[in-house]
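# What the coordinates show
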Amino acid sequence: MTLPTLPQNVRIWLGIERNTTSHAEKCVSALGAFLGILAVYAVIHRVFPGGLAGAGPAGAIMLASLGASAVLLFAVPHGALSQPWAVVGGHLISAAIGVSCQKLFPDQAWTPALAVGLAVGAMYYLRCIHPPGGATALAAVIGNSDLHAIGYHYLIEPVGVSVAAIMVVALAFNALFPWRRYPVHLHRRRLAVAVPAVQRRFDLTQEDFSAAMEQLNSYVDITEENLTELLELAKQHAERNIVHPQEIVAGHCYSNGRLGKAWSVREVIGVSAGQPRNIEYRVVAGEGAGQIGQEGYEAFRQWARFEVRLGNGRWIK
């Protein structure tokens, strides 16, 4: 066996995922973010007579905070961190905490850190985790004296009106594309005809996913509804092809069809002509990526669930 190459190791360590979106979707996301920040920029110029210069450091941080929100709202509109309560609650609650910290502990070196830490904890408990909220809390503390003077009015201007502006754009823009309807509650995919449950050995339920996510004990940026919908689509796709390939062909790629860390794709380098027949392969994705191995023909055929090809950055049956 050969060890994974350096580029493959770097990709694994950096967590670079496979590409699963089209070029059109990427361009749509970019256009939406442009329009969202354009709206926020217009609001800040309306609220502060001198624009960003008049807003001081807090205005710049607030705009940067909304820039991060734009990534979530337009690149991952169905993510748990992108939903309305997460966006609105995350920003406003964090803003309130930031103002409170500044009033209670003004001009202390550790006040900015306290504001951000408390904001993260509050968002967690109130189920409105939104990463840009941390910047909103920070801006309330490190802003200039004019910002500190307005106190809790900071929640309305610039935070409230800016969040309202980007939310309106997110609702209107994503509504133009059926597969991006926002919030996720409005999104309805037309699922293929489901295979009746009696034809399956078992069916995972909503309760199973809830228990599994609780056992994972880590925040996952996907709603339970989206996760179950995704699995249902995957199961229907899997049930279209449940037989092993009849023939293994050199130069072709095969997947074991498993999930998570056990998933693997092998490219057949060569098939011996003699008896017993052997397969030489290279692992091109998943577990053991970069390794080269050899296996008996029938053993490899039983390992391989179906043939795959690389298309648009992902492996396709």
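Here, every reference points to the structure presented above.
A few points on the structure. (Residues numbered from 1 in each chain as written. Predicted model: local features only at pLDDT ≥ 70, side-chain atom pairs only at ≥ 80, totals over all residues. Heavy atoms only, no water.)

### Re the overall build of the chain
- Of regular secondary structure, the chain possesses 11 helices and 6 strands.
- Classification of the 317 residues of the chain by burial places 38% in the buried group.
- Across the chain, contacts joining residues at least 24 apart in sequence account for 61% of those joining residues at least 6 apart.
- In the form shown here, the chain has an accessible surface area of approximately 18,000 Å², with 63% of it arising from carbon and sulfur atoms. (Helix = DSSP H or I, 4+ residues; strand = E, 2+ residues; numbered from the N terminus. Buried < 20%, exposed > 50% of the residue type's maximum accessible area, 1.4 Å probe, protein only. Contact = heavy atoms within 4.5 Å. Areas by Shrake-Rupley, 256 points an atom, 1.4 Å probe, with all protein chains shown as cover.)

### Considering the sheet that holds strand S6 (residues 314–316)
- Strand order in the open sheet formed by 6 strands is S4-S3-S2-S1-S5-S6, and the pairing between neighbours is antiparallel. Only two strands of the sheet have a single partner each, and these edge strands are strand S4 (292–296) and S6. Sheet twist, expressed as the average angle between the axes of neighbouring strands with direction ignored, equals 45°.
- Here 3 bridges tie strand S5 (residues 306–311) to S6, and the two strands are oriented antiparallel to one another. Each residue of the ladder has a partner; that of Leu310, found in S6, is Trp315. (Pairing = 2+ DSSP bridges. Axes fitted to C-alpha atoms, helices over the stretch in contact; angles between N-to-C directions.)

### Digging into the packing of helix H4 (residues 84–104) against helix H8 (residues 156–175)
- Between H4 and H8, the least distance of the axes is 10 Å, while the angle of their chain directions is 165°. Viewed along their axes, H4 and H8 adopt a mutual orientation that is roughly antiparallel. Considering only the axes of H4 and H8, their crossing is right-handed. Along the contact surface, H4 presents Pro84, Val87, Val88, His91, Leu92 and Ala95, while H8 presents Val159, Gly160, Val163 and Met167.
- Considering only residue class, the contact of H4 with H8 consists of 8 nonpolar, 2 polar and no charged. (Parallel < 35°, antiparallel > 145°, perpendicular 65-115°, else oblique. Left-handed = near helix turned anticlockwise from the far one by under 90°. Nonpolar A, V, L, I, M, F, W, Y, C, P; charged D, E, K, R; others polar.)

### Examining the packing of aromatic side chains
- By the definition in use, this model includes 7 aromatic pairs.
- Centre to centre, the rings of Tyr281 and Phe300 are 5.8 Å apart; their planes meet at 45°, and the pair counts as tilted. In this pair, Tyr281 is assigned in strand S3 (residues 278–286) and Phe300 in helix H11 (residues 297–303), connecting sequence segments 19 residues apart.
- Tyr281 sits in the buried class, given a relative accessible area of 5%.
- Of the aromatic side chains, those joined through ring pairs into one cluster are Phe74, Phe173, Phe177 and Trp179.
- Here the guanidinium or amino end of Arg266 rests over the ring plane of Tyr281, the centre of that ring lying 4.1 Å away.
- The side chain of Arg277 reaches across the aromatic face of Tyr297, ending 4.2 Å from its centre. (Phe/Tyr/Trp six-rings, centres within 6.5 Å; stacked < 30°, edge-to-face > 60°. Lys NZ or Arg CZ within 6 Å of the ring centre and 35° of its normal.)

### Quick word on the pattern of salt bridges
- Summed over all chains, the structure comprises 4 salt bridges.
- The salt bridge involving Arg266 is made with Glu295; its shortest N-O contact spans 2.9 Å. Of this pair, Arg266 sits in strand S2 (residues 264–271) while Glu295 sits in strand S4; the two residues are 29 residues apart in sequence, bridging distant segments of the chain.
- Assessed through its relative accessible area of 11%, Arg266 is described here as buried.
- The partly exposed category is assigned to Glu295, whose relative accessible area is 25%.
- Across the pair Arg282 and Glu267 runs a salt bridge whose closest N-O atoms are separated by 3.2 Å. (Salt bridge = Lys/Arg side-chain N within 4 Å of Asp/Glu carboxyl O.)

### With respect to the pairing of S3
- Sheet topology places S2 next to S3; 7 bridges connect them, and they run antiparallel. Looking at the pairing, Val265 lines up with Ala285 of S3.
- Bridge count between S3 and S4: 5 bridges; the pairing is antiparallel. The residue bridging Asn278 from the neighbouring strand is Gly296, located in S4.
- In textbook terms, the turn of a hairpin is the stretch between consecutive antiparallel strands, and for S3 and S4 this stretch comprises 5 residues, one of which, Gly288, has a positive phi near 80°.

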